[in-house]
Structure formats: C-alpha cells, structure tokens
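What the coordinates show
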Amino acid sequence: MGEDAVQTLADLTLHSLPMAAPAFSANPWPELEKARASHPWLAACEFGHVVHQYDAMRDLLWLDHSLTGSYEDMLQIMEAEGTPWGRFQQESLLAQTGEAHRRIRAVLAPAFTPQQANKHRPLMRKVIAELLDEWVPKGEFDFEDFASYFPITVMCSLIGAPTGAIASLRASMEALGLSMSMDKAFLPQLNQATDVLDAFAQDIVAQRRKARLAPGEDMLEVLLATLDEGKVTERELYDLLIFLFVAGYDTSKNALTLMMDALIDRPEMYQRCAEDLAWCKKVSEENFRYLTTSTIPRIVTKDIAYKDVLIPAGTLLFFPVSISGRDPVIEDAANFDPERDQAKKRPITFGMGVHICLGQFIARAQIEEGLHQIAQRIRQPRRTGPSTWRPFYGVWGLKGLPIAFEAVRDSAEAEPAL
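Below is a summary of the structure that appears in this document. None of the values given here were measured: they were computed from a predicted structure.

**Let's talk about the sheet that holds strand S13 (residues 402-407)**
Here we have three strands laid out as an open sheet, ordered S5-S13-S10, and antiparallel in their pairing. Each of the sheet's edge strands pairs with one partner strand only, and the pair in question is strand S5 (140-142) and strand S10 (378-383). Mean inter-strand twist for the sheet, computed between neighbouring axes without regard to direction, equals 30°. Bridge analysis of S5 against S13 gives three bridges, and the strand direction is antiparallel. Within S13, the position partnered with Glu140 by the bridge is Ala404. Each of S5 and S13 touches helix H9 (residues 143-158); the most contacted strand, S5, lies at about 70° to it.

In structure tokens, the structure reads:
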C-alpha cells in the first residue's frame, strides 16, 4: 500500500476544514468540495488531519497495527487529565488496545451477535409501542426528544434497570454526546454526567447482587458472570455498563432523527415503512449511508505509507464516517435510494477493524423496528419549526426536529397505511 510514497504531510498544501464551526455542522458539503479540490483524500483541521474520502477511510481504518484511539491527545485538548470523564475516556473499551482490548471485547461479544439482537426484537417492539401510546395523542412534538427515550428504555430493559432512572440518565446521555466535541467548555457537564452514570452502574450492580436472576437471563447477569469468573475487574464492569449506555444512546437517537428528517420529504417512502418491515431495513441501511452521526479519531502509532503520502507516527487523524457515504466515489451519492446495491460500497457507519461497533446489530434492529411502528402511528409528518445542528466532531446530528402529524392513537388500530 503505497511503498513508493515520496510526500509527507508537511509537503502537502491542504484545505483546512473548519469542523468546529457551527456553519460546517449545518452544511459541510461546500467545504468538503474545497478539500477534494485540494487533495483527493486528505485535509487539515484545527487539531490534526482529516481523511475525507470513502475508500481512504475504509483502507486506513483497517490498519489496527498502526492506529490507536486518540484519547490522550483528546484529554489534553479538553484539559481533562485527572477528571472523572478523563479517567473514563482513558480506561473505556474504545481506549484499550492489544490484549486488554481483546479480553474485554471477548466478554461482550456473545451478547451482541446478530442472533442476540434478533432475540431482543419483541422487547424493542414493546418499548416503541408503549412510547408511541404515550406521545402520539399529543399530535405534535419534538421528534428528537421523543426518539431519545427509545434506545435508553431498551437498554434499561436489557439490563433489568428501573425505568424510573431514565430521566436522569437521559440528561447525562445528552451531555456525554458532547464527549468528542473537542470543546473544553463542555468539561463540567461531562464530569457531572460521568459521575451520575458511575453511581447508577454501581447501584444496579449492588441491587442485583441482592437478588440474582438465572444465569444469562439478561445482559447484566452475563456481565456479572464474567466478573465472578475473574474475566473483568469491578471497575471494568462499571465502565462497561457506562460504555453500553453511552455507545447506544446518541447514535441510535440521532440516526432515527436524521432518518425522519429525510423521510418527511419522501412521503411515499415513509408510507411504505408502515407497510413493510423489510423495506424499513432497506431504508435504515440507506440512511446509514446517506447521513449518519460519527467522526472517529485515531493516532498514528507507526509511520503509514498510503498512496502517495507518508503519514508519520504521532499524527492525529479524524475519519468523518458521518459523511463518507456521500463521497463522489459512490454512484449517485446525493440521492436517497433504499433500493441501491450497497454490496461494493457498504456504509462504514460503525467503523472498521478491531474497534468496529459491537452494538451495530442491536442498533440496526432497534431502528428497523422503531421506524416500522412510528410510520404506522405517526401519519403524514410535517415540520413545524427549524432544527439546528450538533457539533460535527463526535456525535453529529440534528438538534431538535419539531413535527406535527395525523395521529393513530391506538396501536391496535395501526393498520399499515394504504
């Protein structure tokens, strides 16, 4: 891969992407066009360099032997060394490498297979139906607000946590969605949210120890069994629980919100979602390609020669997989088409390599099941006000999506729209 590279980053004149600017969050496309005109796959940014092209992201994210999580650099930028949030970032699963990463991921992997995700679909259907029963009679609401309760309620149910904790957990999840924002003004919120989730994790473990369930009955029992067997430490168990909530909340909520925003302008596609769960899967996969939520940071640990460029060790790289599916190498990339063949250019929403998202199958199942029932109960949605955008670094997406709609108030009456 590029052994004849003769240029270094210092040799290149690159366009600088203003990724921290609100205007970029709201409309990154003009700046990305400038970046492509400057270099086919690289750009600069305030904190390092950006790999902006789909193929380059795919290729480089596979190089686990030469890349690692950029958490040390991020903590320095955020001035977070020695803080609760800083400790969690340094010790969480995403920050681990080598044997530590393999050991902890092996503990979680059996609970996150496609088969396990499918087993949870009845629970997902129950949760979204109950939320719709509560929200649909209003006739209008902020869809982002509504969608935020879906993944967190599913996760609480999967670990047997009391749903009464959802309000405080949701506020903490919202705060931790800013973790990768690269804005140190958010640090007090991040520390408070980490403390709330840490206390929650320790409390549910203490309560479960007083009343254990059958082995493997829910996800918390699976994790406690690994603790009993010495496969994880107490601190690692708490951090895994925090990680599960953080990883599963904002991405699913934001993906659902972005999908509703796209489908409002495509009413025939949306109506079909009420009729056909298989169609919802196609729409979900196309939405992951069309616009998604994450930018992945990595530090180069060994010099990488890729194409015509030598990337030296120590370089901080950002991979905005959120916009990777709109790259011109993908045919008709700007068109939202659930029927497109994604076999050659599959979405890289969930990353690549050893750090590929463990929860991707649960996220996919959640969004498919959620969209199917939402389309049955929320008919003819329309925007009633503007949306803003979250910071592009980290977990991107819409901030607010106020809608009104024709309400189907009773789930028993929610026959597919014809």
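**Focus: the packing of helix H4 (residues 71-78) against helix H5 (residues 84-91)**
A pair of packed helices can be characterised by two numbers: the angle between their axes and the separation between those axes. Packing of H4 against H5 leaves a shortest axis separation of 9 Å and a crossing angle of 165°. In terms of orientation, H4 and H5 fall into the roughly antiparallel class. For the element pair H4 and H5, the recorded crossing hand is right-handed. Contacts between H4 and H5 involve Tyr71, Glu72, Met74, Leu75 and Met78 on the former and, on the latter, Trp85, Gly86, Gln89 and Gln90. Residues belonging to the contact of H4 with H5 are distributed by class as follows: five nonpolar, three polar and one charged.

**Section: the packing of aromatic side chains**
Using the criterion set out here, one finds 15 aromatic pairs in the structure. Look at Phe141 and Phe405: their rings are 5.2 Å apart centre to centre, the planes differ by 65°, and that puts the pair in the edge-to-face class. Of this pair, Phe141 sits in strand S5 while Phe405 sits in strand S13, and the two are 264 residues apart along the sequence. Neither residue differs from the other here; Phe141 and Phe405 are each classed as buried. Residues Phe288 and Phe350 carry aromatic rings whose centres are separated by 5.1 Å and whose planes lie at 70° to one another, so their mutual orientation is edge-to-face. You can see Phe288 sitting in helix H15 (residues 277-290) and its partner Phe350 sitting in the loop between strand S9 (316-319) and helix H16 (360-377), a full 62 residues away along the chain. The exposure class assigned to Phe288 is buried, which follows from its relative accessible area of 5%. Assessed through its relative accessible area of 15%, Phe350 is described here as buried. Taken together, the ring pairs in this structure connect Trp135, Phe141, Phe143, Phe146, Tyr149 and Phe405 into an aromatic cluster. In this arrangement the basic side chain of Lys138 is found over the ring face of Trp135, its NZ or CZ atom lying 3.9 Å from the centre. The aromatic ring of Trp29 is capped on one face by Arg326, whose charged end is 4.4 Å from the ring centroid.

**Considerations on the environment of Ile299**
On the secondary structure map, Ile299 appears in strand S6 (residues 296-300). Residues Ile299 and Glu331, spaced 32 residues apart in sequence, show a C-alpha to C-alpha distance of 31 Å.

**Focus on the pattern of salt bridges**
This model, assessed by the stated rule, comprises 34 salt bridges. Salt-bridge contacts for Arg36 lead to Asp327; the nearest nitrogen and oxygen are separated by 3.8 Å. One end of the pair, Arg36, is in helix H2 (residues 29-38); the other, Asp327, is in the loop between S9 and H16, with 291 residues separating them in the sequence. What makes Asp327 buried here is its relative accessible area of 2%. The residue Arg212 makes a salt bridge to Asp228 at a minimum N-O spacing of 3.4 Å. Placement of Arg212 in the loop between helix H11 (187-210) and helix H12 (219-228) and of Asp228 in helix H12 is noted, with a sequence separation of 16 residues between them. Taken together, the shared-partner salt bridges in this structure form one network comprising Arg87, Glu91, Asp198, Arg235 and Asp239.

What counts and how
Residues numbered from 1 in each chain as written. Predicted model: local features only at pLDDT ≥ 70, side-chain atom pairs only at ≥ 80, totals over all residues. Heavy atoms only, no water. Pairing = 2+ DSSP bridges. Helix = DSSP H or I, 4+ residues; strand = E, 2+ residues; numbered from the N terminus. Axes fitted to C-alpha atoms, helices over the stretch in contact; angles between N-to-C directions. Contact = heavy atoms within 4.5 Å. Parallel < 35°, antiparallel > 145°, perpendicular 65-115°, else oblique. Left-handed = near helix turned anticlockwise from the far one by under 90°. Nonpolar A, V, L, I, M, F, W, Y, C, P; charged D, E, K, R; others polar. Phe/Tyr/Trp six-rings, centres within 6.5 Å; stacked < 30°, edge-to-face > 60°. Buried < 20%, exposed > 50% of the residue type's maximum accessible area, 1.4 Å probe, protein only. Lys NZ or Arg CZ within 6 Å of the ring centre and 35° of its normal. Salt bridge = Lys/Arg side-chain N within 4 Å of Asp/Glu carboxyl O.

So far we have only geometry, and geometry alone does not tell us how the molecule works.
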